[in-house]
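Here are the chains, one letter per residue:
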Amino acid sequence: MRIEIQLEDKTLEIFTYGNGQKKMIIFHGFDNEATEFEPLSNELPDYTLISVNLFFHGSSKASMKSVEAGLDVEQFKDIHKMLMDKFPAEKYDVMGFSLGGRVALTLYQFMSERIDRLILLAPDGLKPTTMYRFVTRNYFGKKLFERVIKDPHRLIAFGNGLKKIKLLDEKKIRFLKYSLENQLRRDKVYNGWMIYRYIIPDLSEVKKIIIANNTKVDLFFGKHDVLMPPSLGQKFKSGLGKNCTVHVLPTGHQLISEKNLAAIAELIKY
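Residues numbered from 1 in each chain as written. Predicted model: local features only at pLDDT ≥ 70, side-chain atom pairs only at ≥ 80, totals over all residues. Heavy atoms only, no water.

**Observations regarding the overall build of the protein**
Scanning the protein from terminus to terminus reveals 12 helices and 9 strands. For the protein, whose C-alpha radius of gyration is 18 Å, the value lies close to the compact-globule estimate of 18 Å for 270 residues. When its C-alpha atoms are laid out on the principal axes, the protein stretches across 50 × 40 × 35 Å. Within the protein, buried positions represent 53% of all 270 residues. Once local pairs closer than 6 in sequence are excluded, the contacts in the protein between residues at least 24 apart make up 76%. Accessible area for the protein stands at about 13,100 Å²; split by element, carbon and sulfur atoms hold 54% of it. Computed over 41 positive and 32 negative side-chain charges, the inter-centroid distance for the protein is 7 Å. (Helix = DSSP H or I, 4+ residues; strand = E, 2+ residues; numbered from the N terminus. Rg over C-alpha atoms; globule rule 2.2 N^0.38 Å. Buried < 20%, exposed > 50% of the residue type's maximum accessible area, 1.4 Å probe, protein only. Contact = heavy atoms within 4.5 Å. Areas by Shrake-Rupley, 256 points an atom, 1.4 Å probe, with all protein chains shown as cover. Lys, Arg positive; Asp, Glu negative; His and termini not counted. Charge placed at Lys NZ, Arg CZ, Asp CG, Glu CD.)

Given below as structure tokens:
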């Protein structure tokens, strides 16, 4: 089933799969789609999966006014309360991949009373965001960001130079080129980065809530992931004890495939 929810000038597209009693809200990563999680419904028959297209993915959209203003925490909570009202449950499991992991962590921070379990796949939000904050919140950083979006060639050439002196590895330069290779994708980078720039979890607060609520957290990483390496999960796990489990799969950053989803489903089954 496909539905849309609207808050002012913002629209979220949502797909549901399965009809199990448990409910899981899922957030994909940058340049992925909500529909990519459909195979997971075959692996988790006890769940109804509620898979959300992030803004500027699928048919989820927002005005440029909202992009420039950024989604604030109150709007973020309001639109996800609307989502929960559409699919009522006492509590939800929440899954997030990459950028969706940052969204999931932020949702947990502000709505932990509605969340029973966190399943984070190579999540963004576990490492410092100094550069990200600079290019999305600082006046001069934003101007630089806009310039790169219009003409990325100098940045790519700079990246190639760093690769030659071994300060940037091949996988990261490929990711950079992929993200900036055409105007459509560059616009998606700009709009996505800008609208979610205030949606950044306070990790120390998140960890306090996990301990206080005794929330179960499963972290998944690709063994060969250079963007979100497994070491980030081990660092986050520190102090959480049995509440947090780190799983490492024999893959890179892209954890969303039928094979990987089947492995993830097997590891999170009670």
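**Brief notes about the packing of aromatic side chains**
Scanning the entire structure with this criterion turns up 5 aromatic pairs. Note on F55 and Y196: the rings are 5.9 Å apart at their centroids and 35° apart in plane angle, and the pair reads as tilted. Highlighted residues: F55 in the loop between β4 (47–53) and β5 (61–62) and Y196 in the loop between α9 (183–195) and α10 (203–213), separated in sequence by 141 residues. Taken together, a centroid distance of 5.3 Å and an interplanar angle of 35° make the contact between F145 and W193 tilted. With a gap of 48 residues between them, F145 in helix α6 (residues 139–150) and W193 in helix α9 connect regions that are remote in the sequence. On the basis of relative accessibility, which here comes to 29%, the residue W193 falls in the partly exposed class. Taken together, the ring pairs in this structure connect Y132, F145, Y190 and W193 into an aromatic cluster. (Phe/Tyr/Trp six-rings, centres within 6.5 Å; stacked < 30°, edge-to-face > 60°.)

**Some remarks on the pattern of salt bridges**
Any two side chains of opposite charge can pair, so long as their charged atoms come close to each other. Inspection of every chain in the model, using the stated rule, returns 14 salt bridges. Between K216 and D218 there is a salt bridge; the shortest N-O distance is 3.9 Å. On the basis of relative accessible area, D218 is assigned to the buried category, the value being 1%. One salt-bridge network, in which partners are shared between bridges, spans E68, K142, K143 and E146. (Salt bridge = Lys/Arg side-chain N within 4 Å of Asp/Glu carboxyl O.)

**Brief notes about helix α4 (residues 99–111)**
Between its first and last C-alpha, α4 extends 18 Å over 13 residues, near the 18 Å set by a 1.5 Å rise per residue. Among the residues of α4, those classed as buried are L99, G100, G101, R102, V103, A104, L105, T106, L107, Y108, Q109 and M111. (Expected span 1.5 Å × (residues − 1).)

**Examining the nonpolar core**
Among the nonpolar cores identified, the biggest contains 83 residues, and M95, L121 and Y196 are the most heavily contacted of them. Looking at which element gives the most residues to this core, the answer is α4, with 7 residues. With residues near it in sequence (within four places) discarded, L121 still touches F37, M95, G96, F97, S98, F220, L255, I256 and I264. (Core = buried A, V, L, I, M, F, W, Y, C linked by side-chain atoms within 4.5 Å.)

**A short note on the pairing of β4**
Burial runs high along β4: 7 of the 7 residues are buried. Side chains Y47, L49, S51 and N53 project from β4 onto one buried face, and the interleaved T48, I50 and V52 project onto a second face that is buried too. Looking at chain direction, strand β2 (residues 10–17) and β4 are connected through 5 bridges and run antiparallel. Residue pairing in the sheet places Y17 in a bridge with L49 of β4. Direction of pairing for strand β3 (residues 22–27) relative to β4: parallel, over a ladder of 6 bridges. (Pairing = 2+ DSSP bridges.)

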